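As a plain string of letters, each chain reads:
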Amino acid sequence: MTACARRMSAEVKGTVDVVIVGAGVAGLSAGRYLLRSTKQKYNVTVLEARSRIGGRVWTNLDAFPGAVGGDVDCGASFIHEGGVGNPLRDLAEKFNIESKETDYDDMVVTRNGETMSSSEYSLRQAEYEKMIQHLEDSDFADTEDISVRAALERLGYGERLTDPLLSWFISDKHDDSRGASMEKVSVGVDEYQSFDGEDRFLPGGYRQVPHSLQRGADGEQPLNVLYNQVVRRVVVSHDSVTVSTQSSQFRADRVVVALPLGVLKSGDVVFEPALSATKQEAISKIGFGLLNKVVLKFDSVFWDPKRTFFGHVSEDISKSGFLTSWMNGHVVSGTPTLIGFITGDSAVDAEKMSDDAIRDEATDAVRKMFGSNAPDPTGFCRTMWLSDPYSRGTYSYLAVGSTAAHRAALGQPEDRLHFAGEHTERNHYSTVHGAYLSGIRAAKEIDDSYVPCF
């Protein structure tokens, strides 16, 4: 045996071939980690179904053709909890990517055409926070597998949940971060852990993060990404893995599966032999939410250019997640744009609507916030992440019927396969930094199974 022999078998190999399925942040961070290894030489190939990298990090450069600064982050918007210790904050600083702290309290909310006073806003926010604290102090998480809504109803909040303003807070503060309503989210033990600090947005676009990972630092080897490679089948044998796309086959010693949970749920990728029953159950049980964006561009800013967030309260609580929360694109990129959010079931239903219908609904929402004289938009774009066959949703959440153990199972390696993606992160799921950390974990699993080669 040589110093390059693999610990787990008698195979002797000077260079280890690794295929990474998916060029999102998870896949790219795994590849970058392997190329930096001081233990072993790796030949890394990243297969990407799209014609771009980033996955659900997507700065759309073609949102408003010809417009100066018209790029739009149609996927991830923030480095969540972007304080000291967040690895994406560190990465942004390393690659000189500008980031700015945001303030969720910098919000103006309207109801029935009237701006809500700061005192009323604070009062209702305190009511929401007290309700959530009451829930967290209860023992439902330890005793029953029920939804957050069912638990709140048992605690006596049933009637209050029908209040339009409280419903707006639930949608904005709870549902948006999960991409799912309280009816679907489990009250079970949530092992999510936060970094300190406020969320941060990237004025130059979130695409800078995946592009920095792919390109590497000065002097580093760029990652080899093959585009338009739609993986159909992953076959594991005793000494290798064969990954088949619609047009090619790739043989590797190890494979990192960095596909979104929605794609794994779809069954579009066949694994031979089949993934373990434990992993299949976890794929089935963990929820995969949906949040879409609608972006309206105007000739000029007619709203408060310094405010970060806007909202309007719908008297129909079934529409609380439908274009009731907005972000000021002028604050982010200096462009006269407003970015509306649609979440959960409302987002699912909205994907069935035409562009014209969505544009009209969004324009109507803007006029509810800023007055009936607000002009028609001169540009429009929308996302449809559920309909996208390479995502089939946006991020994971703890669904009724799922547990933290299911999430742990998603990240467990199986034979020559390793798994990455925000859904595999037990403590930092549903975030880009969770995806980044998951890629490092999967790559480290591979690297730790080899003895030093240099």
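For the structure itself, consult the block above.
Residues numbered from 1 in each chain as written. Predicted model: local features only at pLDDT ≥ 70, side-chain atom pairs only at ≥ 80, totals over all residues. Heavy atoms only, no water.

A. Region of interest: unusual backbone geometry. Cis geometry is adopted by the peptide bond preceding Pro-273, which originates at Glu-272 and carries an omega value of -5°. Structurally, Pro-273 is set in the loop between strand S15 (270-272) and helix H9 (277-285). Its identity is not glycine, yet Asn-228 carries a phi of approximately 55°, on the positive side. Inspection of the secondary structure puts Asn-228 in the loop between strand S10 (224-226) and strand S11 (231-236). Even without being a glycine, Asp-415 presents a positive backbone phi close to 55°. Take Asp-415: it is sitting in the loop between helix H13 (404-410) and strand S23 (417-419). Judged by its relative accessible area of 61%, Asp-415 is exposed. (Helix = DSSP H or I, 4+ residues; strand = E, 2+ residues; numbered from the N terminus. Buried < 20%, exposed > 50% of the residue type's maximum accessible area, 1.4 Å probe, protein only.)

B. Structural view of the sheet that holds strand S21 (residues 379-382). Spatial ordering of the open sheet is given by S8-S7-S18-S19-S20-S17-S21, a layout of 7 strands whose pairing is mixed. Here the strands that pair on one side only, and so sit at the sheet edges, are strand S8 (114-115) and S21. Sheet topology places strand S17 (residues 291-297) next to S21; 4 bridges connect them, and they run antiparallel. Residue pairing for S21: Leu-296 is matched across the bridge by Phe-380. (Pairing = 2+ DSSP bridges.)

C. Region of the structure containing helix H12 (residues 355-370). Its 16 residues give H12 an end-to-end C-alpha distance of 22 Å, which sits within 8% of 22 Å, the value for a rise of 1.5 Å per residue. Ile-358, Ala-362, Thr-363, Ala-365, Val-366 and Met-369 are the residues of H12 that are buried. On an axial view of H12, the arc spanned by its buried residues comes to 160°, and they lie on one face. Seen from the buried face of H12, the exposed residues on the opposite side, beyond 90 degrees, are Asp-356 and Asp-360. Looking one or two places after H12, you find Gly-371, whose phi comes out positive at around 105°. (Expected span 1.5 Å × (residues − 1). Arc of directions from axis to C-beta.)

D. Spatial organisation of the pattern of salt bridges. Per the stated rule, a full pass over the model turns up 33 salt bridges. One salt bridge connects Glu-48 with Arg-50, and the closest N-O pair in it is separated by 4.0 Å. Taken individually, Glu-48 and Arg-50 each receive the classification buried, so the pair is uniform in this respect. The partner of Asp-163 in a salt bridge is Arg-160, with the nearest N and O atoms 4.0 Å apart. (Salt bridge = Lys/Arg side-chain N within 4 Å of Asp/Glu carboxyl O.)

E. How the structure looks around the packing of aromatic side chains. Under the definition given, this model contains 14 aromatic pairs. Between Phe-78 and Phe-309 the ring centres are 6.5 Å apart and the planes differ by 50°, which places this aromatic pair in the tilted class. Residue Phe-78 is found in strand S5 (residues 78-79), and its partner Phe-309 is found in strand S18 (residues 309-313); the two are separated by 231 residues along the sequence. Neither residue differs from the other here; Phe-78 and Phe-309 are each classed as buried. (Phe/Tyr/Trp six-rings, centres within 6.5 Å; stacked < 30°, edge-to-face > 60°.)

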